[in-house]
Amino acid sequence: MRDYELMYIVRPELDEEGLQAAGDSVEQLITGAGGTVVRTTNWGRRRLAYEVDHLRDGHYMLLHIRLDGARVRDVERALAIHETVFRHLLVVREGAEDDAEPETVDGAGTGAEAAPARQAVVAAEADDDDDEDDDEADDEPAALAAATEEEN
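Residues numbered from 1 in each chain as written. Predicted model: local features only at pLDDT ≥ 70, side-chain atom pairs only at ≥ 80, totals over all residues. Heavy atoms only, no water.

## Notes on helix H2 (residues 72-80)
Residues of H2 that are buried include every one of Val72, Val75 and Leu79, and no others. Viewed end-on, H2 has its buried residues packed into an arc of 65°, placing them on one side of the element. Pointing more than 90 degrees away from the buried face of H2 are the exposed residues Arg73 and Ala80. For H2, the secondary structure elements touched by its buried residues are strand S1 (2-10), helix H1 (16-32), strand S3 (55-67) and strand S4 (85-92). (Buried < 20%, exposed > 50% of the residue type's maximum accessible area, 1.4 Å probe, protein only. Helix = DSSP H or I, 4+ residues; strand = E, 2+ residues; numbered from the N terminus. Arc of directions from axis to C-beta. Contact = heavy atoms within 4.5 Å.)

See below:
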């Protein structure tokens, strides 16, 4: 069993009841595949970065799940044809803290957003390191050209 994060976006026209039914359906899909849902976070209705299937908004849900790696493909296949979920992303959760109890969190601005934010900062720092390496690589040809001119 590995820890995964599942982010999925549900159709915006669903009311509160429909959203709850969609969430229950996804959780049943995961438990049916032999996994467990550790935490569910409702990020609420948000504007999409770009239009998807003629939709501009969607309800964002983030799940922390434990699942056997062999069953990931089955879960993704089921989510791809789910009638209310129109986008999803399932990633391995690395360096995860052990969460002893399942919990549900609703709304934005909670501490549950800290892990994805921390991952984004780490990725940004890695990009900054690459930029420094690129700057050094750019300086090498200039230094080489200057040394060649001095020799001539």
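## A closer look at unusual backbone geometry
Despite not being glycine, Asp53 has its phi angle at roughly 50°, a positive value. Residue placement: Asp53 occurs in the loop between strand S2 (36-52) and S3. A positive phi angle is found at His54, which is not glycine, with a value near 65°. Relative to the helices and strands, His54 resides in the loop between S2 and S3.

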